[in-house]
Amino acid sequence: MVACYPGSGSHYVKHVDNPNRDGRCITAIYYLNLDWDVRKSGGLLRIFPEGCNDRVADIEPVFDRILFFWSDRRNPHEVQPAHRTRYAITLWYLDAEERESARLRYQRDCENRFKA
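Rules used throughout
Residues numbered from 1 in each chain as written. Predicted model: local features only at pLDDT ≥ 70, side-chain atom pairs only at ≥ 80, totals over all residues. Heavy atoms only, no water. UniProt positions renumbered as here; feature names shortened; annotations may be inferred. 1 Å grid on protein atoms, 1.4 Å probe; cavity = no way out; pocket = protein on both sides within 12 Å on 5 of 7 lines; lining within 4 Å. Points joined across faces, edges and corners; volume = space filled by probe spheres on them. Nonpolar A, V, L, I, M, F, W, Y, C, P; charged D, E, K, R; others polar. Disulfide = S-S within 2.5 Å. Buried < 20%, exposed > 50% of the residue type's maximum accessible area, 1.4 Å probe, protein only. Helix = DSSP H or I, 4+ residues; strand = E, 2+ residues; numbered from the N terminus. Contact = heavy atoms within 4.5 Å. Pairing = 2+ DSSP bridges. Axes fitted to C-alpha atoms, helices over the stretch in contact; angles between N-to-C directions. Patch = residues over 30% accessible without salt bridge, like charges linked within 9 Å, V, L, I, M, F, W, Y side chains within 5 Å. Areas by Shrake-Rupley, 256 points an atom, 1.4 Å probe, with all protein chains shown as cover. Salt bridge = Lys/Arg side-chain N within 4 Å of Asp/Glu carboxyl O.

Naming follows an unreviewed UniProt entry, where the chain appears as hypoxia-inducible factor-proline dioxygenase of Anopheles sinensis. You can read under Cofactor (unreviewed entry) in the UniProt record for the chain the words "L-ascorbate". One UniProt comment on the chain, placed under Catalytic activity (unreviewed entry), says "L-prolyl-[hypoxia-inducible factor alpha subunit] + 2-oxoglutarate + O2 = trans-4-hydroxy-L-prolyl-[hypoxia-inducible factor alpha subunit] + succinate + CO2".

Take a look at the structure:
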């Protein structure tokens, strides 16, 4: 996924990438932002690691940085308001068995909708 936050306070609310066991197990984010100053431009990624209570991990979206974290409930995260255009590429490593199970669940749910 390529993400472009256009500035003007654009952000992404706190979430988990894989809340429903869809196969995503590791999130990788690569940043493309030259000369980024988080004090002026915002756009900080904040991770709320499970079990760390009041502790967070704040990651500045600086050029050529890549980070990896678990995609499930262990790492809720958000993008804080960005005040200039912010770019990131996100990739997910998938667990094949979990992904296949999710595909079959989705297929079954779709078939059940049409039977009703």
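**Student:** How would you explain the layout of surface pockets if you had to name every residue and give the values?
**Tutor:** Of the volumes computed, that of the largest pocket is approximately 270 Å³. Forming the boundary of the largest pocket are 18 residues, of which Met1, Tyr5, Tyr12, His15 and Thr90 lie nearest the centre. Grouping the constituent residues of the lining of the largest pocket by class yields eleven nonpolar, four polar and three charged. A volume near 190 Å³ is recorded for the second largest pocket. Forming the walls of the second largest pocket are Val16, Asn18, Pro19, Asn20, Arg21, Arg24, Cys25, Trp70, Asp72, Arg73, Arg74 and Glu98.

**Student:** Report on the state of the cysteines, specifying residues and quantitative values.
**Tutor:** Counted by the stated rule, this structure contains zero disulfides. Here Cys52 stays free of any disulfide, with the sulfur of Cys25 as its closest cysteine sulfur at 20 Å. Residue classification places Cys52 among the partly exposed residues on the basis of a relative accessible area of 32%.

**Student:** Please set out the environment of Tyr12 residue by residue, giving values where relevant.
**Tutor:** Relative to the assigned elements, Tyr12 resides in strand β2 (residues 10-15). Tyr12 sits in the partly exposed class, given a relative accessible area of 42%. Sequence separation of Tyr12 and Arg24 is twelve residues, and the distance between their C-alpha atoms is 19 Å. Excluding anything up to four places from it in sequence, Tyr12 contacts Tyr5, Glu78 and Val79.

**Student:** Quick rundown of the sheet that holds strand β7 (residues 77-82)? Include the residues and the values.
**Tutor:** The strand order across the open sheet built from four strands is β2-β7-β4-β5, with neighbouring strands paired in antiparallel fashion. At either end of the open sheet lies a strand with only one pairing partner, and these are β2 and β5 (57-59). Here the average twist between neighbouring strands, direction ignored, is 20°.

**Student:** Explain a nonpolar patch on the surface residue by residue, including any values.
**Tutor:** On the surface, a nonpolar cluster with roughly 370 Å² of combined accessible area is contributed by Leu32, Leu34, Phe63 and Tyr87. Inspection of the secondary structure assignment puts Leu34 in the loop between β3 (24-31) and α1 (38-41). Judged by its relative accessible area of 51%, Leu34 falls in the exposed class.

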